[in-house]
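Descriptive analysis of the structure
Each chain, written out:
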Amino acid sequence: MPVEITWWGHATCTVADSDVRVLTDPLFARRLAHLRRRRGAVPPPTAWRADVALVSHLHADHLHVPSLQRLAPGTRLLVPRGAARAVPGLRRLAHLHVSEVSPGDETAVGDVVVRAVPALHDGRRLPVGPHRSPALGYVVEGEARTYFAGDTGLFDSMAKEVGPVDVALLPVGGWGPHLGEGHLDAGRAAQALAQLDPVSAVPVHYGTYWPIGMDAVRPHEFHAPGAEFVRLAAERAPGVAVHLLGHGESVRPGVAR
């Protein structure tokens, strides 16, 4: 069965490959601190089903303990090394099989192998997290090789660290009008796409959560990154098929040229 990608919003995706369901950065909240979900319904219980869930880094919109509590007993959970020390709430997840991983670590789940890869991002639990923990991306390898970038900036060795991939799930925006260091906007994501040279790509991490009131002031910055990525990808990586998904939509992208 071909790989199937479902985007639930923000950085939360289901990658279905080789009869294994992989869930990325689960976030099933209507509101998170000053952020409110502005597009797409909160993912339904079907979105909670996974054989393994991946957490890219410790920021609360990527490691959201209440969302992780909804995962079924026995679900495997991969988190960056040091996460349990930095986020005590992880200790409440006794119903999950939690493993801490570092770049280069590989985890077999059924017929899929998940490999942790580096990301250029502040991996601490903010705003005051003193404990260092690496930010990660992941490559899910089964019938296809799918790269989930998490949150990352563009770095010179990205293509080397990630390796050949068929599908790239790339962040193209954020949840505010300004992206700091360690992030991809639509332009930098298109540059990353040109370096990675996958067969297909799906833009994520935009157009879901926005600070309360901000969507009425600068709505174009909330809505635009996905379409802007499609435009720039066509210029910088014209051989890559880019799939612009709505919240809850799925695609079976091509995996061979």
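Before going into details, it helps to say that this report is about the structure given with it. All of these numbers come straight from a predicted model, not from anything done at the bench.

The rules behind each value
Residues numbered from 1 in each chain as written. Predicted model: local features only at pLDDT ≥ 70, side-chain atom pairs only at ≥ 80, totals over all residues. Heavy atoms only, no water. Helix = DSSP H or I, 4+ residues; strand = E, 2+ residues; numbered from the N terminus. Rg over C-alpha atoms; globule rule 2.2 N^0.38 Å. Buried < 20%, exposed > 50% of the residue type's maximum accessible area, 1.4 Å probe, protein only. Contact = heavy atoms within 4.5 Å. Areas by Shrake-Rupley, 256 points an atom, 1.4 Å probe, with all protein chains shown as cover. Lys, Arg positive; Asp, Glu negative; His and termini not counted. Charge placed at Lys NZ, Arg CZ, Asp CG, Glu CD. Phe/Tyr/Trp six-rings, centres within 6.5 Å; stacked < 30°, edge-to-face > 60°. Pairing = 2+ DSSP bridges. Axes fitted to C-alpha atoms, helices over the stretch in contact; angles between N-to-C directions. Salt bridge = Lys/Arg side-chain N within 4 Å of Asp/Glu carboxyl O. Expected span 1.5 Å × (residues − 1). Arc of directions from axis to C-beta.

Right, let's talk about the overall build of the protein for a bit. In terms of regular secondary structure, the protein is built from 7 helices and 17 strands. Compactness check: the protein gives a C-alpha radius of gyration of 17 Å against a globular reference of 18 Å for 257 residues, within 12% of the reference. Its C-alpha atoms give the protein principal-axis dimensions of about 45 × 45 × 35 Å. The buried share of the protein, taken over its 257 residues, is 54%. A fraction of 66% describes how many contacts in the protein between residues 6 or more apart in sequence connect residues 24 or more apart. Surface summary for the protein: the accessible area is close to 10,700 Å², and the carbon and sulfur share equals 52%. The centroid of the 26 positive side-chain charges in the protein is displaced by 8 Å from the centroid of its 25 negative side-chain charges.

Turning to the packing of aromatic side chains, a few remarks are in order. Evaluation of the coordinates by the stated rule reveals 2 aromatic pairs. Between Trp-7 and Tyr-206 the ring centres are 5.4 Å apart and the planes differ by 15 degrees, which places this aromatic pair in the stacked class. Of this pair, Trp-7 sits in strand S1 (residues 4-9) while Tyr-206 sits in the loop between strand S14 (200-204) and strand S15 (209-211); the two residues are 199 residues apart in sequence, bridging distant segments of the chain. An identical accessibility class is assigned to Trp-7 and Tyr-206; each is buried.

Let's shift gears to the sheet that holds strand S5 (residues 35-37). Spatially, the 3 strands line up as an open sheet ordered S4-S5-S15, and their pairing is antiparallel. The open sheet is flanked by strand S4 (31-32) and S15, the only strands paired with a single partner. As judged from the 2 bridges shared by S4 and S5, these two strands associate in the antiparallel manner. Paired with Leu-32 across the bridge in S5 is Leu-35.

Among the structural elements, Ala-168 can be located in strand S13 (residues 167-171). The sequence separation of Ala-168 and Gly-207 amounts to 39 residues, and the corresponding C-alpha distance is 18 Å. Sequence-distant contacts of Ala-168, that is, excluding residues within four places in its chain, are made with Tyr-147, Leu-196, Pro-198, Ser-200, Ala-201 and Val-202.

Pairing within the open sheet is mixed, and its 7 strands lie in the order S9-S10-S11-S12-S13-S14-S16. Both edges of this open sheet fall to strand S9 (106-109) and strand S16 (241-242), since each of them pairs with a single strand only. For S14 and S16, the ladder comprises 2 bridges, and the chain directions are parallel. Looking at the pairing, Ser-200 lines up with Ala-241 of S16. Sitting on the sheet, helix H4 (residues 186-196) is in contact with strand S12 (145-148), S13, S14 and S16, with an inclination near 160 degrees to S13.

In this section: the pattern of salt bridges. If you walk through the whole model with that rule in mind, you get 6 salt bridges. Of the charged contacts in the structure, one is a salt bridge between Asp-105 and Arg-81, with a shortest N-O distance of 3.4 Å. Remark: Arg-81 occurs in the loop between strand S7 (76-80) and helix H2 (83-86) and Asp-105 occurs in the loop between strand S8 (97-101) and S9; sequence separation between them is 24 residues. Given the relative accessible area of 29%, Asp-105 is considered partly exposed.

Moving on, we come to helix H7 (residues 225-236). Along its 12 residues, H7 runs 16 Å from first to last C-alpha, staying within 8% of the 16 Å computed at 1.5 Å per residue. If you check which residues of H7 are buried, you get Pro-225, Gly-226, Phe-229, Leu-232 and Ala-233. Viewed end-on, H7 has its buried residues packed into an arc of 130 degrees, placing them on one side of the element. Of the exposed residues in H7, the ones pointing more than 90 degrees away from its buried face are Ala-234 and Glu-235.

Counting buried positions over the 5 residues of S14 gives 5, a clear majority of the element. The side-chain alternation of S14 yields two buried faces, one formed by Ser-200, Val-202 and Val-204 and the other by Ala-201 and Pro-203. Examined bridge by bridge, S13 and S14 share 5 bridges and lie parallel to one another. Across the sheet, Ala-168 pairs through a bridge with Ala-201, a residue of S14.

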